[in-house]
Amino acid sequence: MRSSTLAVSVAALPGALAWGGFGHITVAYIASNFVSSDTTSYLQTLLRNDTGDYLAGVATWADSARYSKWWRWTGGFHYIDAKDSPPSYCGIDYERDCKKDQGCVVSAMHNYTTRLLDTELSLYERAVAAKFVIHFVGDIHQPLHTEDVERGGNGIHVTFDGANFNLHHVWDTSIAEKLVGGIHRKPYPYAKKWADELTKEIKVGKYSSGSANWLKNTNISDPVSTALAWAIEGNALVCTTVLPEGAEAIRNQELGSDYYEKAAPVVEAQIAKAGYRLAAWLDLIVASLKTRSSSPASTPGDL
Ligand code: ADE
Ligand code: ZN
Ligand code: ZN
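Residues numbered from 1 in each chain as written. Chains lettered and ligands numbered in written order. Predicted model: local features only at pLDDT ≥ 70, side-chain atom pairs only at ≥ 80, totals over all residues. Heavy atoms only, no water.

As annotated in an unreviewed UniProt entry, the protein carries the name Nuclease S1 and is attributed to Cladorrhinum samala. According to its UniProt record, the protein has this under Sequence similarities (unreviewed entry): "Belongs to the nuclease type I family." (UniProt positions renumbered as here; feature names shortened; annotations may be inferred.)

Participant: Would you explain the overall build of the protein in this entry?
Facilitator: A tally of regular secondary structure across the protein gives 12 helices and 2 strands. Along the protein, from the amino end to the carboxyl end, the secondary structure elements read α-α-α-α-α-α-α-α-β-β-α-α-α-α. Here the protein has a C-alpha radius of gyration of 18 Å; the compact-globule value for 303 residues is 19 Å, and the two agree. Looking at the protein as a whole, 54% of its 303 residues qualify as buried. By element, 53% of the accessible surface of the protein is carried by carbon and sulfur atoms, the whole surface being about 13300 Å². In the protein, 28 side chains carry a positive charge and 33 a negative one; their mean positions are 4 Å apart. (Helix = DSSP H or I, 4+ residues; strand = E, 2+ residues; numbered from the N terminus. Rg over C-alpha atoms; globule rule 2.2 N^0.38 Å. Buried < 20%, exposed > 50% of the residue type's maximum accessible area, 1.4 Å probe, protein only. Areas by Shrake-Rupley, 256 points an atom, 1.4 Å probe, with all protein chains shown as cover. Lys, Arg positive; Asp, Glu negative; His and termini not counted. Charge placed at Lys NZ, Arg CZ, Asp CG, Glu CD.)

Participant: Looking at this model, I keep getting lost on the coordination of the zinc ion (ligand 2). Mind explaining?
Facilitator: Expected angles at a metal are 109.5 degrees for tetrahedral coordination by four donors and either 90 or 180 degrees for octahedral coordination by six donors. Within the first shell, the zinc ion (ligand 2) binds the protein through D63 (OD), H78 (ND1), H135 (NE2) and D139 (OD), at distances of 2.1 to 2.5 Å. Taken together, the 4 donor atoms coordinating the zinc ion (ligand 2) and their angles of 85 to 172° define a geometry best described as irregular. For the zinc ion (ligand 2), the donor residues sit on a single chain with the sequence spacing D-x14-H-x56-H-x3-D. Separating the zinc ion (ligand 2) from the zinc ion (ligand 3) is a distance of 5.7 Å. With H78 in the loop between α4 (61-65) and α5 (94-97) and D139 in helix α7 (residues 123-140), this pair connects stretches of sequence that are 61 residues apart. (Donors = N, O, S within 2.8 Å, 3.2 Å for Na, K, Ca; no water. Tetrahedral: all angles 85-135°; square planar, octahedral: opposite > 155°, others 65-115°.)

Participant: Teacher, can you tell me more about the side chain of D97 here?
Facilitator: Along the chain, the position of D97 falls in helix α5. A polar contact of 3.0 Å, which involves the side chain of D97, links it to the backbone nitrogen of K83. Apart from the residues lying within four places of it in its own chain, the contact partners of D97 are I80, D81, A82, K83, G91 and I92. (Polar contact = N/O pair within 3.5 Å; in protein donor to acceptor, adjacent residues only side chain to side chain. Contact = heavy atoms within 4.5 Å.)

Participant: Just to check I follow, could you spell out the state of the cysteines for this structure?
Facilitator: Cysteine pairs can be linked by a disulfide, which is a covalent bond between their two sulfur atoms. Summed over the entire model, instances satisfying the criterion amount to 2 disulfides. A sulfur-sulfur distance of 2.2 Å marks the disulfide that ties C98 to C104. Taking the torsion about the sulfur-sulfur bond, which here is approximately -100°, the covalent link between C98 and C104 counts as left-handed. Counting only the cysteines that form disulfides, in the order they appear in the protein, gives the pairing 1-4, 2-3. (Disulfide = S-S within 2.5 Å.)

Participant: Got a minute to help me understand the nonpolar core in this structure?
Facilitator: Side chains of a nonpolar character, in soluble globular proteins, are inclined to be buried together. Counting residues in each nonpolar core, the largest one holds 95 residues, and the members touching the most others are L43, L55, V106, L167, W171 and I175. It is helix α12 (residues 258-292) that contributes the most residues to this core, 18 residues altogether. Apart from residues lying up to four places away in sequence, V106 is in contact with I80, Y94, V224, A227, L228 and A231. (Core = buried A, V, L, I, M, F, W, Y, C linked by side-chain atoms within 4.5 Å.)

Participant: Explanation requested: helix α6 (residues 105-116) in the structure shown.
Facilitator: Residues spaced three or four apart along an α-helix face the same direction, because each turn holds 3.6 residues. With 12 residues, α6 extends 16 Å between its outermost C-alpha atoms, agreeing within 8% with the 16 Å of an ideal straight helix rising 1.5 Å per residue. Looking only at α6, the buried set comprises V105, V106, S107, A108, M109, Y112, T113 and L116. Buried residues belonging to α6 abut α3 (37-46), α5, α7, α11 (223-242) and α12. (Expected span 1.5 Å × (residues − 1).)

Participant: Help me understand the pairing of strand β2 (residues 163-166), please; the structure alone is not making it clear to me.
Facilitator: It is a general feature of regular strands that their side chains alternate between the two faces of the sheet. Across 4 bridges, strand β1 (residues 157-160) lies against β2 in antiparallel orientation. In the sheet register, T159 faces β2, and the bridge partner there is N164. Hairpin remark: β1 followed by β2, antiparallel, with 2 residues in the connecting loop; positive phi at D161, about 50°. (Pairing = 2+ DSSP bridges.)

Participant: What is the right way to read the site of ligand 1 from this model?
Facilitator: Residues in contact with ligand 1, as listed here, are Y79, D81, L144, H145, E147, R151, G152, N154 and H168. In this structure, a nitrogen atom belonging to ligand 1 sits 3.0 Å away from a main-chain N or O atom of E147. Considering ligand 1 on its own, with 260 Å² of exposed area, one finds that the protein chains cover 88% of that surface. Of the residues assigned to the shell around ligand 1, the class counts are 2 nonpolar, 4 polar and 3 charged. (Near = heavy atom within 4 Å. Nonpolar A, V, L, I, M, F, W, Y, C, P; charged D, E, K, R; others polar.)

Participant: How should the packing of α3 against α7 be read in this particular structure?
Facilitator: The angle between the axes and the distance between the axes are what describe a pair of packed helices. Packing of α3 against α7 brings their axes to within 9 Å, and their N-to-C directions diverge by 120°. Classified by the angle between their axes, α3 and α7 sit oblique to one another. In contact with Y42, L43 and L46 of α3, α7 contributes L123, R126, A127 and A130. For the contact of α3 with α7, the residue count by class is 6 nonpolar, no polar and 1 charged. (Axes fitted to C-alpha atoms, helices over the stretch in contact; angles between N-to-C directions. Parallel < 35°, antiparallel > 145°, perpendicular 65-115°, else oblique.)

Below, the structure written as structure tokens:
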């Protein structure tokens, strides 16, 4: 378990991070490519980072934080445990699946979006809220973060190119890393490169015709419906792609070839969607702050 001191130093030294997080960092770089210049300057000021890494540098903070004693209570915010039964039935019922005592990724999106919009809160609290929003838009797009079966696949042992993992890790990390040919202990530069490629696919390539639809349920006045729509979409992929023949069909099986071939395009599209949607969500937040403010504000200090 990581100490909070290490969590802080990891956040301060993005280049040193050599585990997990690759998907989140890519999502953040994609979002940086799409946000408005108002959003860029607002968040660069709030997050005290005026480089191009202002989103990527905080994208994995929430995962480090949940393993520190201060932030352990936020652990349940990273997923929603849909009590469906893949592959025959997928679906999320917010009342049924978002735990009343600990919350879930959908309620967390609501809470931290509201806090980011709340100018009565301190800049520190709003920066924390921004870091959670940036992270949770990524988590919501990982299909197994919207699934209860075996704790989101954590209890399903598999192999991937001969190495032992659980299914959750394969979807968090292994598929994306294989897709880009390995990250060679340097997630930030590899994520940046992949993000730029996906940005091009969204603008003029294979995602250009579909990407307008990616924003159709996006409503800043209703964060729960927006986040729930994103979660339901990811959860549907559990039935079609993650567990198409159920958990027993893949338990202890090798997933690095045939399974990977079907899963990789889905992982790629989910990463692209998450980045594009994160940009739109952050733009809506900053635009709403500007509209409400009387001054021509572009920095958190002015708002
Ligand atoms: N713990 C319990 N359910 C989980 C899920 N769906 N994803 C990640 N962690 C979990
Ligand atoms: Zn997470
Ligand atoms: Zn995960």
